Structures are given as C-alpha cells and as structure tokens.
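# A structural walkthrough
Listed below, chain by chain, are the residues.
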Amino acid sequence: MKKDAKVLIEVKNLKKYFKVGPNATLKAVDDVSFFIRKGETLGLVGESGCGKTTCGRTVMGMYKATGGEVMFDGIDIHKLNKSEKKKFTRRAQMIFQDPYASLNPRMTVGDIVGEGIDIHGLYSGQERTDRIYNLLEIVGLNKEHASRFAHEFSGGQRQRIGIARALAIEPEFIVCDEPISALDVSIQAQVVNLLIKLQQELGLTYLFIAHDLSMVKHISDRVGVMYLGSMVELASSHVLYDKPLHPYTQALLSAIPVPDPEIERTKKRIKLEGEVPSPINPKPGCKFAARCRYAKPICKEKTPEFKEIEKDHFVACHLV
Ligand code: SF4
C-alpha cells in the first residue's frame, strides 16, 4: 500500500446501540472513529464481546447505525437508497468467521460462488462458468470442486470458498470477520497468506477483525484495539506492537506467547484483574478503569478523549 493512498473508508463517531430492556441500552459500538486507505489492511482486535464484529457489520450497513457516519469513497452508506445500496454491495463484501454456517449446504460450490455474479448480472453461460472456475483457482481450489457441496470440504477449503464468493463480484473492500478463528493453527497462516496475496494482486482494502493478535500483526498495516465498544488505541502495526501506550493494549500484547522458550520464560505477563464490566448502561469515565493498574480518581469521572499523541498514533487514556 502506498503511504499517500487516498482514504477509502472513513468512520466518524460511529455508534450502534441495542435496546435490551425498558431502561437498558447495550452500547456495542460507542463513538468509534477510524479510516482505511485504499489498498490498506486495518486490523481490529479486542476480547470477545468488545464490539468489533458489530462495528464491522455496521460499517457494511448490515446494522443501521445509531449515530455517526460511514463514508465509503465519499458516500455515506447509511443514507443510500435501494439501488445505491446494491451498487455499494458490489464494491464491498464480507468474509465470515464460520465458513460452514455461511455456505448454503444445498447449493453446489459453483452456485455459491456464482450467486453474486447472477445477482449483479455480470456474466452468463460459458463466461459465468469460466469465471467461477477461475475464482476457484485463484483461491487455491480447482474446477472439479464446483460441482461439490460445502460439507465435502475441510474448514480451510470452506473458507477459500467463502473468499471466492466474496471476490466473485470484484469488490474493492472486504470486511474479514474473524476469518481464521474457527480454523486449525496450521491452516490459519495459509488463509492469511492467501488474503495477503489477493490484496497485492487485486489492490483490495481490508478491515480484518480478529482476537489473535499475532496473526493480525502479520496482515495489518495499522491496528485498532477495542474495549467495551470503544477504540482505545490505534497505530501502525510496528508502533503498536513495539510501543503500546494504552494499559489494555499492553496487557493484551504481554499475553502473546513468544517462540523463543528463554524469552517466553522470563517475559513479564500483565494479568488483567477484575471483571469485564457490562456494556449495558456503562458508567461514566474510562471503561477500562475497573481493571487498570494505573487508574486514578479522574479515570472514573471523565471519559478519556481518543487523541492523536504522535503522527498516526491515537490513544484514549488520561495518563498518555
Ligand atoms: Fe487506565 Fe485511567 Fe488510562 Fe483508563 S484512563 S486506561 S483507567 S490510566
């Protein structure tokens, strides 16, 4: 990705709240802002329930935003009419966590991959068949697989089918929602390497959602860390991994195992104390305060601003 590439996605103060009772609101995404340049991968990490998947789905327009904007190439995707929305789905696609659940068991692989081609009227007849064969080859499968069903494939192969389906309509942007979490560790790297190769060949832009921080580093140009619906730190991968500034990022990174047994043995792990607070009707102040070893009285009173503390490095912490 070129450093001066233009911004393709700009998310501004995005909010997605769910009413879960008469006086209870779950703030799944609470005032999140970021941008992604064309050809770039932005990793989004955080513990389960931090709002990263809801954020990805709201960015795609699958959930209606409670507030804020998602600008895609200058267009607010939450203000599109039906035909504009169809045009947007041609440009933006999603790859899901569970490749088996997301593939129709009654359709052949060829028809799963060809569905988007048909919806958008891109090819028909032999051209459609050739395109499907070509897509299967691009993702490391072959044309014989087109007549088979999803249950006949391994988890890694099913994720390749999901990738071929997403690529079928030639999108520019793909939200990869935990695409490797359900796969064996040995297969995870293969799928990530395939996504990197496709990005280089096709100039794709990714929002890559995951909780495995080591794989996120491998694929991402920049990484955002979410905690209880809020973005707490965002920086280029090497800066975030070498010099994390938010206490939550520091704790997450300290838990990644290191291959060298000597370093692993002597490495200091930061143990997160306390319970994860509920995202329903969150208390004022820093959401991480109950578990933060540096918390001060101000942390429970005032929400820290998500501010740029050096070029392209954003942190939400009173002490940074
Ligand atoms: Fe910890 Fe306070 Fe910073 Fe929150 S604002 S991360 S509680 S030091």
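Scroll up for the structure.
This structure is a prediction, so every number in the text was calculated from the model and none was measured. (Residues numbered from 1 in each chain as written. Predicted model: local features only at pLDDT ≥ 70, side-chain atom pairs only at ≥ 80, totals over all residues. Heavy atoms only, no water.)

Each helix and strand counted, the protein chain has ten helices and twelve strands in total. Taken over the C-alpha trace, the protein chain has a radius of gyration of 21 Å; the compact-globule value for 320 residues is 20 Å, and the two agree within 12%. In terms of its C-alpha atoms, the protein chain occupies a principal-axis envelope of roughly 70 × 55 × 40 Å. Looking at the protein chain as a whole, 48% of its 320 residues are labelled buried. Once local pairs closer than 6 in sequence are excluded, the contacts in the protein chain between residues at least 24 apart make up 64%. Once the 46 positive and 39 negative side-chain charges of the protein chain are each reduced to a mean point, those two points are 4 Å apart. (Helix = DSSP H or I, 4+ residues; strand = E, 2+ residues; numbered from the N terminus. Rg over C-alpha atoms; globule rule 2.2 N^0.38 Å. Buried < 20%, exposed > 50% of the residue type's maximum accessible area, 1.4 Å probe, protein only. Contact = heavy atoms within 4.5 Å. Lys, Arg positive; Asp, Glu negative; His and termini not counted. Charge placed at Lys NZ, Arg CZ, Asp CG, Glu CD.)

This brings us to the environment of His313. Following the sequence through the fold, His313 ends up in strand 12 (residues 313–315). A relative accessible area of 1% means that His313 is categorised as buried. Linking His313 and Gly203, residues 110 residues apart in sequence, is a C-alpha distance of 25 Å. The contact partners of His313, leaving out residues within four places of it in the chain, are Glu233, Leu234, Ala235, Val239, Lys243, Leu245, Lys307 and Glu308.

Angle between the axes and distance between the axes: these two values describe a pair of packed helices. Closest axis-to-axis distance for the helix 3 (residues 109–119)/helix 5 (residues 155–167) pair is 7 Å, and the angle between their directions is 30°. Between helix 3 and helix 5, the crossing angle belongs to the class labelled roughly parallel. Here helix 3 runs over helix 5; the crossing is right-handed. For the pair helix 3 and helix 5, the contacting residues are Val109, Ile112 and Val113 in the first and Ile161, Ala164 and Arg165 in the second. Taken together, the residues of the contact of helix 3 with helix 5 break down into five nonpolar, no polar and one charged. (Axes fitted to C-alpha atoms, helices over the stretch in contact; angles between N-to-C directions. Parallel < 35°, antiparallel > 145°, perpendicular 65-115°, else oblique. Left-handed = near helix turned anticlockwise from the far one by under 90°. Nonpolar A, V, L, I, M, F, W, Y, C, P; charged D, E, K, R; others polar.)

What follows concerns the side chain of Arg291. Note that Arg291 resides in the loop between helix 10 (261–266) and strand 11 (307–310). Side chain to side chain, Arg291 and Glu47 meet in a polar contact 3.5 Å long. Separated by 3.2 Å, the side chains of Arg291 and Tyr227 make a polar contact. If we skip the residues at most four places from it in the chain, Arg291 touches Glu47, Tyr227, Leu272, Glu273, Gly274, Glu275 and Val276. (Polar contact = N/O pair within 3.5 Å; in protein donor to acceptor, adjacent residues only side chain to side chain.)

Let us now look at the sheet that holds strand 1 (residues 7–21). In space, the four strands of this open sheet follow the order 2-1-4-5, with antiparallel pairing throughout. Here the strands that pair on one side only, and so sit at the sheet edges, are strand 2 (24–37) and strand 5 (75–76). Direction of pairing for strand 1 relative to strand 2: antiparallel, over a ladder of eleven bridges. Looking at strand 2, one finds that Glu10 is bridged to Phe35. Of the strands in this sheet, strand 1, strand 2 and strand 4 (67–72) touch helix 1 (residues 52–59), which is tilted by about 120° from strand 1. (Pairing = 2+ DSSP bridges.)

Across the eight residues of helix 9 (residues 247–254), eight count as buried, placing the element largely inside the fold. Taken residue by residue, helix 9 has Pro247, Tyr248, Thr249, Gln250, Ala251, Leu252, Leu253 and Ser254 as its buried positions. For helix 9, the elements touching its buried residues are helix 7 (213–219), strand 9 (222–227), strand 10 (230–236) and helix 8 (237–242).

All right, on to the site of the ligand then. The immediate surroundings of the ligand are formed by His246, Pro247, Cys286, Phe288, Ala289, Cys292, Tyr294, Ala295, Cys299, Cys317, His318 and Leu319. The pocket occupied by the ligand, as judged from atoms lying within 2 Å of grid points, is the largest cavity. Classifying every residue of the shell around the ligand by side-chain character gives ten nonpolar, two polar and no charged. (Near = heavy atom within 4 Å. 1 Å grid on protein atoms, 1.4 Å probe; cavity = no way out; pocket = protein on both sides within 12 Å on 5 of 7 lines; lining within 4 Å. Sits in = over half its atoms within 2 Å of the grid points.)

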